[in-house]
Amino acid sequence: METIKSKRILAIDLARGLSVLMVIVVHTLWMYGDIKTQAETWLGSTVHFIGKGTGMFLIAMGVSFTLSRNQSVALSVKRAFYILAVGYFMNFLKFIVPVIVGIVPDNFIAAYGWTTPITLDNMIYMLGTGDILQLAGVSLLFMGIINRFSKNKYVPLFIALCIALLTKEVHGFRAGITGVDYLLDLLWGAEWNVYFAVFPWFSFILIGMFFGMWYKEREKSNSYLFGRMLIAGIVLMCVGGGLCY
């Protein structure tokens, strides 16, 4: 059986890096491309297809988590708050700084239904945007708890299935309380202030945890891991493609 002594799986690192580049391409199209380019051209369709790399990034994140040396709840919480801090700082750099400098595209502002000049409330709204790092940070809290109470690989897989099936029932639910609503938006929001709600996107991370645990059970065999991922990927693409059709 082929084994790997390194604590990192280079293919997983490559997948994570490529997925980030894909997301950048999609966001560039959304920020600077007009509606016709996005929706009515082969370039827009191709870029949107490539942009599905978010799921790949999250699955890789789940695999990497199971291979990390320290998976304690305390460290997960520490990492979560660090990632959240970086996420909101990134929001400041990509939203607030361009507003101050005056280089935000008009079509981006129009997409929110706003007009120039941008108000303070508008900037606070953008600063609180729930992007991929907010998703990763909140997910780490749940990952640490799940890993603390169960080492069975089928537990994260079962939870992922439940999330995929049940999230629609709470999608967009709000309590009508300022502050609380923002937290609920991060979990399952349907508004423009959250690009990646924890549910259902967290299910991708849990699937990654499942494969990571399976990988460890099989003495860290790359061939076994990627063989099973290939089969699962083909099956899920057929099922998902059929449902979309």
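Quantities reported herein were computed from a predicted structural model and do not represent experimental measurements.

Criteria and thresholds
- By convention here, each chain's residues receive numbers from 1 onward along its written sequence.
- Local features are withheld for residues below a pLDDT of 70 in this predicted model, meaning they are given only at 70 or higher, and side-chain atom pairs are given and counted only at 80 or more; totals for whole chains, interfaces and linings count all residues.
- As a rule here, side-chain values cover all heavy atoms of the structure and leave hydrogens and water aside.
- Like charges within 9 Å and nonpolar side chains (Val, Leu, Ile, Met, Phe, Trp, Tyr) within 5 Å are joined into patches, using only residues over 30% in relative accessible area that form no salt bridge.
- Surface exposure here means Shrake-Rupley accessible area, sampled with a 1.4 Å probe, where a residue is shielded only by the protein chains that are shown.
- Definition used for salt bridges: Asp or Glu carboxyl oxygen within 4 Å of a side-chain nitrogen of Lys or Arg.
- Secondary structure counts use DSSP, requiring at least four H or I residues in a row for a helix and at least two E residues in a row for a strand, with both numbered from the N terminus.
- Take the buried Ala, Val, Leu, Ile, Met, Phe, Trp, Tyr and Cys residues and link them wherever side-chain atoms come within 4.5 Å; each set so joined is a nonpolar core.
- Summary of the burial criterion: residues with accessible area below 20% of their type's maximum are buried, those above 50% are exposed, and those between are partly exposed, where the area comes from a 1.4 Å probe applied to protein chains only.
- Contact definition: two residues touch when any of their heavy atoms are within 4.5 Å.
- Take the residue count of a helix, subtract one, and multiply by 1.5 Å to get its expected span.
- One axis fitted to the seven residues ending at a residue, another fitted to the seven starting there: the angle between these axes is the bend at that residue.
- One number per residue, pLDDT, summarises how confident the predictor is, and it ranges from 0 to 100.
- Only four residue types enter the tally: Lys and Arg on the positive side, Asp and Glu on the negative side, with His and both chain ends excluded.
- Lysine's charge is taken at NZ, arginine's at CZ, aspartate's at CG and glutamate's at CD.

**Details of a nonpolar patch on the surface**
Part 1: Residues Leu14, Leu18, Val20, Leu21, Ile24 and Met56 make up a contiguous nonpolar surface patch of about 520 Å² in total accessible area.
Part 2: Here the nonpolar patch takes five residues from helix α1 (residues 10-32), the largest share from any one element.
Part 3: Position of Leu21 relative to the elements: it lies in helix α1.

**Some remarks on the nonpolar core**
Part 1: Residues Leu140, Met143, Leu187, Val198, Phe199, Phe202 and Leu206 are the most contacted members of the largest nonpolar core, which totals 26 residues.
Part 2: Residue assignment for this core shows that the elements contributing at least two residues are α4 (53-67), α5 (73-101), α8 (132-149), α9 (154-170), α10 (180-188) and α11 (198-217).
Part 3: With seven residues, α11 is the largest single contributor of residues to this core.
Part 4: Not counting residues up to four positions away in its chain, the partners in contact with Phe199 are Phe142, Ile163, Thr167, Leu187 and Trp188.
Part 5: Counting residues in each nonpolar core, the second largest holds twelve residues, with Val63, Leu67, Trp214 and Met229 among its members.

**Examining α9**
Side chains of residues three or four places apart in an α-helix project in the same direction, reflecting 3.6 residues per turn.
Part 1: When the terminal C-alpha atoms of α9 are compared, their 24 Å separation across 17 residues agrees well with the 24 Å that a helix rising 1.5 Å per residue should span.
Part 2: Where α9 bends most, at Ala164, the angle is about 40°.
Part 3: What α9 keeps buried is the set Pro156, Ala160, Ile163 and Thr167.
Part 4: Where α9 is buried, its residues touch α11.
Part 5: Immediately downstream of α9, the backbone of Gly172 shows phi near 85°, a positive value.

**Structural notes on the confidence of the model for the protein**
Part 1: Summary statistics for the protein give a mean pLDDT of 86 and a share of 97% for residues scoring 70 or more.
Part 2: For the protein, the element scoring lowest by mean pLDDT is helix α6 (residues 106-111), at 79; α10 scores highest, at 94.
Part 3: Taken together, the stretch residues 1-6 has pLDDT below 50 and engages in 13 contacts with residues farther than four places along the chain or on a different chain.

**Quick notes on a positive patch on the surface**
Part 1: The grouping of Arg148, Lys151, Lys216 and Lys220 at the surface amounts to a positive patch.
Part 2: With respect to the secondary-structure elements, Arg148 resides in helix α8.

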